[in-house]
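These are the residues of each chain, in order.
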Amino acid sequence: MFQQGPPGSDPIQNANRALAGRDVAGALALLDRADLGGFTVASGMTRALALRLNGDLSGAIGVLDRVLAIDPYEFMALLSKGAILEMMGKPRLAVGVYRNALKIAPPQERCPPQLVAQIGKARDLVAAEAARLRDHLRDAVADLRGQCGSEDGDRFDESLDVFAGFSPPVKQEPLLLNYARLPAISFYDRGHFPWLEQLEAGTDMIVAELKAFLADPGEAFAPYIAFPRGVPVNQWKDLNHSQDWSAAFLWKDGVKQEGACERCPGTTALLESLPMAMQDGYAPTVTFSALKPRTHIPPHTGSSNIRLLTHLPLILPGPARFRVGNTTRDWEMGRAWVFDDTIEHEAWNDADQMRVILIFDVWNPFLTEAEKALITAMLNAQRDYLTAG
């Protein structure tokens, strides 16, 4: 039998020592003594462990519920309850508890290896259950889903995945300006941009000018990511000041780059015929974006939802992917798209040669002309205010 500690010693600590020695009965006796002064989170967690080791899983759940009644955000109580429900053969109940636990899980770097493994197991179970529910829901609505058009069907599919917990809801995370009441749409319907066909028709001409440019680029193609020394680079560590992702600008922050535009006169004329976003000092920005083989652009977001980005692929030597929110697409030659870059996005060049696309910004189609003027005036006023400071 576990020996009780010296007078005045902590009975909960002694109970934990008893459990370490597999003396469950001794631990429970010590906890009964501790609870004479009132049930606490600490005594409850130890009692739940003792009951679990003793095979009383229902009793352990009951004690953990008492702990959570005191503190609903007690992470280890939630994690333990999920594990016990798994042991009881109740995986779906366990998933519900695990979901709540994972919302408040501590950062992995602050956890011991055993706890990291437990959290990982919980994540895997939640993901597997979400996939099962997603598949069940898809099967249940398959006949109705077949009656939907492409756009409606895609939107429903994404919503179903979010509803099942398989995918996170898409959200806008602009770095500069979050304009109110604009929808969070990953890839916009082409119907908003009737000029896309005109752009796509110019693909061969743009490619020819680009290839001539690439044959003698000079210093035009510079690293796209170029943080100064001392600035946190976060996810951009591998691409900072790297030619793996480079760009040649035709317009930059609203300023036409005359030298580059002179080398691409047809491209420049075509772009000037399109409704690019025009904001003095801010837009448009137009660039040839070059990504070297086997290079990944990590997840990131853009500056404002007032404008959207247009992509037109120009050099596609092999597979290349692009994700916006929950939607991943492959680029196709001669096919442009428009997307909201304030939604998290990333890109991969999986080919063995360089990939190049044309990128430029356009106004969000849900803005009125009056709003565009107001937004531009507001941004200029902010710039003047900061400059004057």
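Residues numbered from 1 in each chain as written. Predicted model: local features only at pLDDT ≥ 70, side-chain atom pairs only at ≥ 80, totals over all residues. Heavy atoms only, no water.

*Asks:* I'd like a rundown of the sheet that holds strand S5 (residues 295–300), residues and numbers included.
*Replies:* Consider a sheet: its strands pair through backbone hydrogen bonds, and that pairing is either parallel or antiparallel. In space, the 4 strands of this open sheet follow the order S5-S10-S7-S8, with antiparallel pairing throughout. If you trace the sheet from one side to the other, it starts and ends with S5 and strand S8 (327–330), each paired once. Strand-to-strand twist across the sheet, computed as the mean angle between neighbouring axes with direction ignored, equals 10°. Pairing of strand S7 (residues 320–324) with S8, which is carried by 4 bridges, proceeds in the antiparallel orientation. In the sheet register, Arg 323 faces S8, and the bridge partner there is Thr 328. (Pairing = 2+ DSSP bridges. Helix = DSSP H or I, 4+ residues; strand = E, 2+ residues; numbered from the N terminus. Axes fitted to C-alpha atoms, helices over the stretch in contact; angles between N-to-C directions.)

*Asks:* Tell me about the pairing of strand S11 (residues 355–363), and please be specific about residues and values.
*Replies:* Most of S11 is tucked away, with 9 of its 9 residues classed as buried. Alternating positions in S11 separate into two faces, Arg 355, Ile 357, Ile 359, Asp 361 and Trp 363 on one and Val 356, Leu 358, Phe 360 and Val 362 on the other, with burial throughout. Across 6 bridges, strand S4 (residues 286–291) lies against S11 in antiparallel orientation. Across the sheet, residue Ser 289 finds its bridge partner in S11, namely Ile 357. Sheet topology note: the strand S6 (residues 307–315)/S11 ladder contains 8 bridges and is antiparallel. Bridge pairing links Leu 309 to Asp 361 in S11. (Buried < 20%, exposed > 50% of the residue type's maximum accessible area, 1.4 Å probe, protein only.)

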